[in-house]
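Structure assessment
The chain contents come next:
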Amino acid sequence: MDNPKLSELRERSMRLPLSPGVYIMKNGKGKIIYIGKAKVLKNRVSQYFGSQNTHSAKVRKMVENVRDFDYILCQSEFEALILECSLIKQNKPKYNILLKDDKGYSYLEVTNEEWPHMEMVRRKQDDGGTYLGPYLSTFVINESLDAARKIFKLPDCSRTFPCTGAQRRPCLNYHMGYCSAPCAGKISKEEYRESIDEAVRFLRGGSKPYLEELEQRMEEYSTNLEFEKAAEIRDRILAIRKLSEKQKVIFTGTETEDVFALAREDETICFNVLRFTSGMLTGSENYFTELEESLENTRSEMLKRYYTAHDNVPSRIVLDGPCDDQELLEQWLTELAGKKAVIQVPQKGKQFELVNMSKNNAYEKMAQSHRRKKTDSAVIELGELLGLASPPEFIESYDISHTGGADAVGAMVVFRNGIPYRQSYRKFIIKEAQGGDDYGSMREVLTRRFNRYLKESAELQEGEKPKGFARLPDLILMDGGLGQVHIAEEVLKELGLKVPVFGMVKDSRHRTRAIASDGGEITIAQSRKVFALVTGIQDEVHRSAITYHHKRHSAVARHSELTDVPGIGPKKSDILLREFVTIDAIRRADIDTLAKTPGISIKDAASIKKYFHYEN
């Protein structure tokens, strides 16, 4: 529906000041539905109430529901950014990115007690405790908690300290060196609290910075001849290193960073975030949202929402593409982190590999969210790679096969959601094109196929679902280069049809190398799933064409030999081959056996025996 107040809102927006600020969109009930920031309020807000054709579906839907707006002037765009993040966190407007993930969060809590405990909880409480997180992966949080307890010798029991009676007896963990036994009074309250504080610093900062700090403290104790304290620090360093060796290292390095990549299907966006601490993968999170004004704007909004809700801003944030307001975001992230923070979009190297890893996770999660098979994540990625409006559900591919120009045939294979859809495979006998004319043969096949589409689709009853030739594919992949692509495009244009067409290109070793179009070649080697899908399609259409050609060529050869027999035409040749299967069996059969074949007379049988007798 159209917004009846659109012209009024546009007129109001044109009177806004040319100043930085935050704008607040409201619906008819006065509820805040969107909050944004602007470098120039008048220019930014008036864009919403102009032409709706340039907006994404999400923005159009928001504008349809706006009945009023407010604004707050700021001294700078940076001040507006900070205010925007704060207001969104407070109001949670419907049309802002709100980080809708597919799992719940968990936290590590240090309880507010005389002898604090460290434990995993599902949500924050207003109980005076100290909370670390949020963590998305329960595996990561349990590993972190277990490491902290062992390194700092913290109890994993629920006892209240100090204990009395039988509970004062230390458990096995104390004797194994994993617990300081506060239950038995083996450690003072001050020392215990110091261990808790050290564990929190370790979990917040990661192992590498904490190790560097410990090594510096150990040297200071040694210099001051406090050897007992230096030995305690040494033991703690050894414990951290021992546990670190058990962690799965994704790549050799010391980086602490977050890696963001997105998968897109129509207006739906799935972000994957990989969190690395000291070169180790410590978390993987997925968030679903809708496309904002552009991918650049969507990435920018994602970063603002993510770091408004999360602590531990790393010094490096890696993205899979450019974002709006990069310099402004870097300034804001630097302030949050308390140290220099940069945003990078790598084109090669280790960071680029991590971006691809994150992107694969996003595609996989997108496919799972639509309840499709895992192979469909490759279809989503292929659609984005080729710049299609949506992932191609039905992909058709064509190939021609012949022997020296003889017995030419064509094959059409269909893949549905990345899986061979054999019930829609079709085969063609080349009737008009001259032997060896691959382009002419392909033109004939495609013309016949899409003429059948025009005929059968026109005959569909209302509400009848198209299938077979009556269904138009979402994508055509030709087995060959630009020559075959141009043939397909010409046929489609002549028939008034529009289907995206690309060619599958092989290297000198006949391995799939790239996808070809008029815009040049698109490499697929960097995406393992897309490479496997395209290679599978190319191999399948080639196999189908070759198999049909061999079958056809063999049948033609057999028919031509029998039809050389006087009185035996194609019809009788078919009868004999169905009965005896092979030419050799027909050759060995006697006249009586041949004559018992329905449709074969004594005269025909004698003619066959005479022919093969003279042949031998």
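Summarised in this report is the structure supplied together with it. Remember, predicted model here, so these are calculated numbers, not experimental data.

1. Examining the sheet that holds strand β1 (residues 21-26)
Read across the sheet, 3 strands follow the order β2-β1-β3 without closing on themselves; strand pairing throughout is antiparallel. Of all the strands in the sheet, the pair left with one neighbour each is β2 (32-38) and β3 (68-73). Mean inter-strand twist for the sheet, computed between neighbouring axes without regard to direction, equals 20°. Judged from the 6 bridges that link them, β1 and β2 form a sheet pairing that is antiparallel.

2. What about helix α3 (residues 57-65)?
The complete set of buried residues in α3 reads Lys58, Val59, Met62 and Val63. Projection of α3 onto a plane perpendicular to its axis shows the buried side chains occupying an angular sector of 130°, all on one side. Each element contacted by the buried residues of α3 is listed here: α1 (6-13), β1, β2, α2 (41-48) and β10 (280-290).

3. Describing a positive patch on the surface
A grouping of Lys29, Lys31, Lys61 and Lys94 is seen on the molecular surface, where their side chains present a positively charged patch. Counting through the fold element by element, Lys31 comes out in the loop between β1 and β2.

4. Considering the environment of Leu87
Mapped onto the elements of the fold, Leu87 is located in helix α4 (residues 77-91). The sequence separation of Leu87 and Val22 amounts to 65 residues, and the corresponding C-alpha distance is 9.3 Å.

5. What about the pairing of β1?
With 6 of its 6 residues buried, β1 lies for the most part within the structure. Residues Gly21, Tyr23 and Met25 point to one face of β1 and Val22, Ile24 and Lys26 to the other, with burial holding for every one of them. Bridge analysis of β1 against β3 gives 6 bridges, and the strand direction is antiparallel. Residue pairing across strands places Met25 opposite Phe69, the latter belonging to β3.

6. Overview of the nonpolar core
Formed by 27 residues in total, the largest nonpolar core has its most connected members in Met118, Phe152, Tyr192 and Leu203. Contributing elements (two or more residues each) for this core: β5 (106-110), α5 (138-152), α7 (189-205), α8 (207-223) and α9 (227-244). Apart from residues lying up to four places away in sequence, Met118 is in contact with Glu109, Val110, Leu145, Ala148, Arg149, Ile196, Ala199, Val200 and Leu203.

7. Observations concerning unusual backbone geometry
Its identity as a non-glycine residue notwithstanding, Lys153 has a phi of 55°, on the positive side. Note on placement: Lys153 falls in the loop between α5 and α6 (172-175).

Cut-offs applied
All chains use their own residue numbering, which begins from 1 and follows the written sequence. Residues qualify for local features only when their pLDDT is at least 70, as the model is predicted, and side-chain atom pairs are given and counted only at 80 or more; totals for whole chains, interfaces and linings, by contrast, use all residues. Side-chain metrics in this entry use all non-hydrogen atoms of the structure; hydrogen atoms and water are not considered. Pairs of strands are assigned from DSSP output, requiring at least two bridges between the strands. Every helix listed is a DSSP run of H or I at least four residues long, and every strand listed is a run of E at least two residues long, numbered separately from the N terminus. Working convention: axes come from line fits to C-alpha atoms, limited for helices to the stretch in contact. Angles between N-to-C directions cover 0 to 180 degrees. For the exposure calls, accessible area comes from a 1.4 Å probe over protein chains only, and a residue counts as buried if that area is under 20% of its type's maximum, exposed if over 50%, partly exposed in between. Directions drawn from the helix axis to the C-beta atoms are what define this arc. The contact criterion used throughout is that any non-hydrogen atoms of two residues lie within 4.5 Å. Patches in this entry comprise residues that are over 30% relatively accessible and not in a salt bridge; like charges within 9 Å are linked, as are nonpolar side chains (Val, Leu, Ile, Met, Phe, Trp, Tyr) within 5 Å. Here, Shrake-Rupley sampling with a 1.4 Å probe gives the accessible areas, and only protein chains in the shown set may cover a residue. Salt bridges are identified by distance alone: a Lys or Arg side-chain nitrogen within 4 Å of an Asp or Glu carboxyl oxygen. Neither His nor the chain termini are counted; the positive set is Lys and Arg, and the negative set is Asp and Glu. Working definition for charges: the position is that of NZ of Lys, CZ of Arg, CG of Asp or CD of Glu. We call a set of buried Ala, Val, Leu, Ile, Met, Phe, Trp, Tyr and Cys residues a nonpolar core when their side-chain atoms join them within 4.5 Å.

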